[in-house]
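Spelled out from the first residue to the last, the chains are:
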Amino acid sequence: MKTTLVMPARNEETTISAALTAAAPFVDEIIVIDGSSTDGTIAAAERCGAKVVRQQGRGKGDALRLGIKLAGGDVIVFMDADGSHEPSDIPKLTAPIASGEADMVVASRARGGSDEVFMTVDGMVRHTGGYIAAMIINYRWGSGLTEVENGFRAVRTSAVRAMNLSTNGFEIEQEMVIKALKNKFRVTEAGSHEYARGGGESKLPTRSAWRFLAHLIKELLTGK
């Protein structure tokens, strides 16, 4: 089973090399979707052997959809470029898919811990909002997830392509879980620790939380 790593990045020069180097032993293909970086992100990714594709649209959702389209693997692993994820946990995410037990595995910060939740008020607000979203999704679709927003996850390529993802921002991670459940795909999770970002600036301001709420309400009111 071939695994493709899809990593969206914008101005992550200080962290992307370490993230890609640590992830490389666990994947067969690396695709970096660059969102108009103005630093050395592209050069750093290319030095690590990644295929770098320049994003024409905007937003993380647009970047992930492009990666999904280009991926050659049977399984896609999504991982951020900021050093917050644990690359050695990639096998924990892909193994249930390889064995036929799951179609998507989300890395759970509730099970693995998070540095960021304790560092700032913004971090605490984002994580609290994520837990509330998980509870609502569990109630509506009968799942038992502790995590729906974490960008670190693995998914069967054929499954994610069948979801017809459409959001352009960070809410695509929530959309991916909801549409997987709507389409009766098997979604589970594995504990993985989240570290404080290694450098650069967060691309997810807390003031954008309304987008997650609006999307969740939309999904609750439409479809299955």
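Note: the structure precedes this text.
Conventions adopted
Numbering of residues starts from 1 in each chain and follows the order in which that chain's sequence is written. Reporting in this predicted model follows two pLDDT cut-offs: at least 70 for local features of residues, and 80 or more for side-chain atom pairs to be given and counted; totals over whole chains, interfaces and linings ignore these cut-offs and use all residues. By convention in this description, side-chain values take in all heavy atoms of the structure and omit both hydrogens and water. By the criteria applied, helices consist of DSSP H or I runs no shorter than four residues and strands consist of E runs no shorter than two, each listed in order from the N terminus. Three exposure classes are used, based on accessible area relative to the maximum for each residue type with a 1.4 Å probe and protein chains only: buried under 20%, partly exposed in between, and exposed over 50%. The criterion used for residue contact is that any of the two residues' heavy atoms lie within 4.5 Å. What sets the accessible areas is the Shrake-Rupley method with a 1.4 Å probe; for residues, cover comes only from the shown protein chains. Criterion for a salt bridge: a side-chain nitrogen of Lys or Arg within 4 Å of a carboxyl oxygen of Asp or Glu. When DSSP locates at least two bridges between a pair of strands, those strands are taken to pair. All axes here are fitted lines through C-alpha atoms, helices being fitted over the stretch that makes contact, and every angle between N-to-C directions spans 0 to 180 degrees. Working definition: the arc comes from the directions between the helix axis and the C-beta atoms, pointing outward to the latter. Patch rule: a residue counts if its relative accessible area is over 30% and it has no salt bridge; like charges are joined within 9 Å, and nonpolar side chains (Val, Leu, Ile, Met, Phe, Trp, Tyr) within 5 Å. Each polar contact in these results corresponds to two N or O atoms within 3.5 Å; when the atoms are within protein, one needs to be able to donate a hydrogen and the other to accept it, and residues that are neighboring in sequence are counted only if both atoms are side-chain atoms. Grouping buried Ala, Val, Leu, Ile, Met, Phe, Trp, Tyr and Cys residues that are joined through side-chain atoms within 4.5 Å yields what is termed a nonpolar core. Here the term right-handed applies to a crossover when the path leading from its first strand over the helix to its second strand runs clockwise, the strands being oriented away from the viewer.

Asks: Before we move on, can you summarise the overall build of the chain with the specific residues and values?
Replies: Assigned secondary structure in the chain consists of nine helices and seven strands. A total of 224 residues make up the chain; the buried ones form 53% of that total. Contacts in the chain between residues at least 24 apart in sequence constitute 76% of all its contacts with a sequence separation of at least 6. Carbon and sulfur atoms form 54% of the exposed surface of the chain, whose accessible area is close to 10,100 Å².

Asks: Now, about the pattern of salt bridges: what can you tell me, with residues and values included?
Replies: Enumeration according to the criterion identifies 10 salt bridges in this entry. Linking D80 and K60 is a salt bridge whose minimum nitrogen-to-oxygen distance equals 2.9 Å. Residue D80 is found in the loop between strand 4 (75–78) and helix 4 (90–98), and its partner K60 is found in helix 3 (residues 60–70); the two are separated by 20 residues along the sequence. Residues D80 and K60 agree in their burial class; the two are buried.

Asks: Quick one: what's the story with the sheet that holds strand 5 (residues 104–108), residue by residue and with numbers?
Replies: Strand order in the open sheet formed by seven strands is 3-2-1-4-6-5-7, and the pairing between neighbours is mixed. Either end of the sheet is taken by a strand with one partner, and the two such strands are strand 3 (51–54) and strand 7 (187–191). Mean inter-strand twist for the sheet, computed between neighbouring axes without regard to direction, equals 20 degrees. Sheet analysis places strand 1 (residues 3–9) next to strand 4, joined by four bridges and oriented parallel.

Asks: A description of helix 4 should follow, citing residues and the corresponding values.
Replies: Among all positions of helix 4, only I90, L93, T94, P96 and I97 are buried. The arc enclosing the buried residues of helix 4, seen along the axis, measures out at 155 degrees, which places them on a common side. Of the surrounding secondary structure, the elements contacted by the buried residues of helix 4 are strand 1, helix 1 (16–23), strand 4, strand 5, strand 6 (153–156) and strand 7. Positive phi appears at G100, one or two residues downstream of helix 4, with a value of about 85 degrees.

Asks: So, the environment of T38: which residues are in play, and what are the values?
Replies: By secondary structure assignment, the location of T38 is in the loop between strand 2 (29–34) and helix 2 (41–47). Taking the C-alpha atoms as reference points, T38 and R10, separated by 28 residues in sequence, lie 8.0 Å from one another.

Asks: Which residues make up a nonpolar patch on the surface, and what values do they have?
Replies: Taken together, the side chains of I132, M135 and I136 define a hydrophobic patch exposed on the protein surface, amounting to about 270 Å² of accessible area. Turning to its location among the elements, M135 is positioned in helix 6 (residues 121–141).

Asks: Go over the side chain of D89 with me, naming the residues and quoting the values.
Replies: Residue placement: D89 occurs in the loop between strand 4 and helix 4. Overall, the relative accessible area of 12% leaves D89 in the buried class. Polar contacts involving the side chain of D89 include one to the side chain of S192, which spans 2.7 Å. Look past the residues within four positions of D89 in its chain and what remains in contact with it is F152, G191, S192 and H193.

Asks: Break down the nonpolar core for me, citing the residues and quoting the values.
Replies: With 31 residues, the main nonpolar core has I76, F78, M104, V160, M163 and M176 as its most contacted residues. Taken together, the elements giving at least two residues each to this core come down to strand 2, helix 3, strand 4, strand 5, helix 6, helix 7 (157–162) and helix 8 (172–182). Leave out the neighbours within four places in its chain, and F78 touches V6, L64, I68, G151, F152, R153, V155 and M176. With 28 residues, the next largest nonpolar core counts A9, I16, A19 and A107 among its residues.

Asks: Give me the lowdown on the pairing of strand 1, citing residues and values where you can.
Replies: Taken across its seven residues, strand 1 has seven buried, putting it largely inside the fold. Burial of the side chains of strand 1 extends over both faces: T3, L5, M7 and A9 are buried on one face and T4, V6 and P8 on the other. As judged from the six bridges shared by strand 1 and strand 2, these two strands associate in the parallel manner. Residue pairing in the sheet places P8 in a bridge with I33 of strand 2. The parallel pair strand 1 and strand 2, bridged by helix 1, forms a crossover whose chirality is right-handed.

Fair warning: the whole summary comes from geometry, so function is off the table for now.
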